[in-house]
Amino acid sequence: MRLLFVLDRCGSACDPGADNEAPDGAVAVVRGQKRLQALDFWLRNPDYLADELLNQLESGTMPDAATALGQARALLEGDEPDISRYPMLRWRYGAWEALDDALSLLASHGLIAVAAVGEPPTKIDRWDYYLLAAGREHVGELRATEPDLLWYDERAAVVLDVAGQMSGSHLKDLQYKQAEYERTVWKASISGITDRVRKRLERITDQRVA
């Protein structure tokens, strides 16, 4: 369900009639596994997501500063960072998890489609992940009937605010700027940064009030 909400919120609109690679019924697409893994990392690590919100606030690229501060504060409140954290491994190109089983389950129910771009099986340039109309309909049903899952939807919306339509490589570069992320040894879980980000949020909030 987490990935379904990511595809629904963060996918770019697509038109099968204009996109020759898009399957019938496709309504949105996340292009490239790097981008999907980077989006998933922020959804699963609220402290890193909050810190990137603060980065963009201080750089002036986040237009609504009050909203960004409120979002960062909500991500860091109470036990939220620990309850919602779902660690990822540090792999060759950053945070990574094998997504094949989850994606295959969604595909088998006709909710998504995965397409190789290039010349399979030896010259695949990237993988694209399409949300199908049935998948969007299912997300709508979940919003209406499963309140316990709404935090996925709300978190994915914040991830989109931060990531926009940047490429997977750009998103990975942003994440690598975090020392804890970059220094994690290969195949180890990436550690949290909650305490540091909370102190940063307090400092920025005090500066804006002063």
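The rules behind each value
- Residues numbered from 1 in each chain as written.
- Predicted model: local features only at pLDDT ≥ 70, side-chain atom pairs only at ≥ 80, totals over all residues.
- Heavy atoms only, no water.
- Helix = DSSP H or I, 4+ residues; strand = E, 2+ residues; numbered from the N terminus.
- Expected span 1.5 Å × (residues − 1).
- Buried < 20%, exposed > 50% of the residue type's maximum accessible area, 1.4 Å probe, protein only.
- Pairing = 2+ DSSP bridges.
- Phe/Tyr/Trp six-rings, centres within 6.5 Å; stacked < 30°, edge-to-face > 60°.
- Lys NZ or Arg CZ within 6 Å of the ring centre and 35° of its normal.
- Salt bridge = Lys/Arg side-chain N within 4 Å of Asp/Glu carboxyl O.

(A) Representation of helix α3 (residues 46-59) within the structure. A rise of 1.5 Å per residue sets the reference length of α3, with its 14 residues, at 20 Å; its end C-alpha atoms lie 20 Å apart and thus fit the reference within 8%. In terms of residue burial, α3 counts as a mostly covered element, since 11 of its 14 residues are buried. Taken residue by residue, α3 has Pro 46, Asp 47, Tyr 48, Leu 49, Ala 50, Asp 51, Glu 52, Leu 53, Leu 54, Gln 56 and Leu 57 as its buried positions. Gly 60 sits one or two residues past α3 and shows a positive phi near 85°.

(B) How the structure looks around the pairing of strand β2 (residues 26-31). Pairing of strand β1 (residues 12-13) with β2 involves 2 bridges; the strand directions are antiparallel. Looking at the pairing, Ala 13 lines up with Ala 28 of β2. Note that β2 and strand β6 (residues 123-132) share 5 bridges and pair antiparallel. By the bridge assignment for β6, Val 30 is matched with Tyr 129.

(C) Molecular detail of the packing of aromatic side chains. With the rule as written, the count across this model stands at 7 aromatic pairs. With a centroid separation of 5.0 Å and 65° between ring planes, the pair formed by Phe 41 and Tyr 48 is classed as edge-to-face. The pair Phe 41 / Tyr 48 is uniform in exposure class, with both members buried. A centroid spacing of 5.5 Å and a plane angle of 55° characterise the contact between Trp 91 and Trp 186, whose relative ring orientation is tilted. Of the two residues, Trp 91 is situated in strand β3 (residues 89-91) and Trp 186 in the loop between α10 (179-183) and α11 (194-209); the sequence distance between them amounts to 95 residues. Above the face of the Tyr 86 ring, Arg 44 is positioned so that its terminal group lies 3.8 Å from the ring centre.

(D) A look at the pattern of salt bridges. Considering all chains together, one arrives at 14 salt bridges under this definition. With a closest N to O distance of 2.9 Å, Arg 44 and Glu 97 form a salt bridge. Of this pair, Arg 44 sits in helix α2 (residues 33-44) while Glu 97 sits in the loop between β4 (94-96) and α6 (100-108), and the two are 53 residues apart along the sequence. By the burial criterion, Arg 44 is buried, and Glu 97 matches it. One network of salt bridges, in which partners are shared, links Asp 8, Arg 9, Arg 136, Arg 143 and Asp 153.

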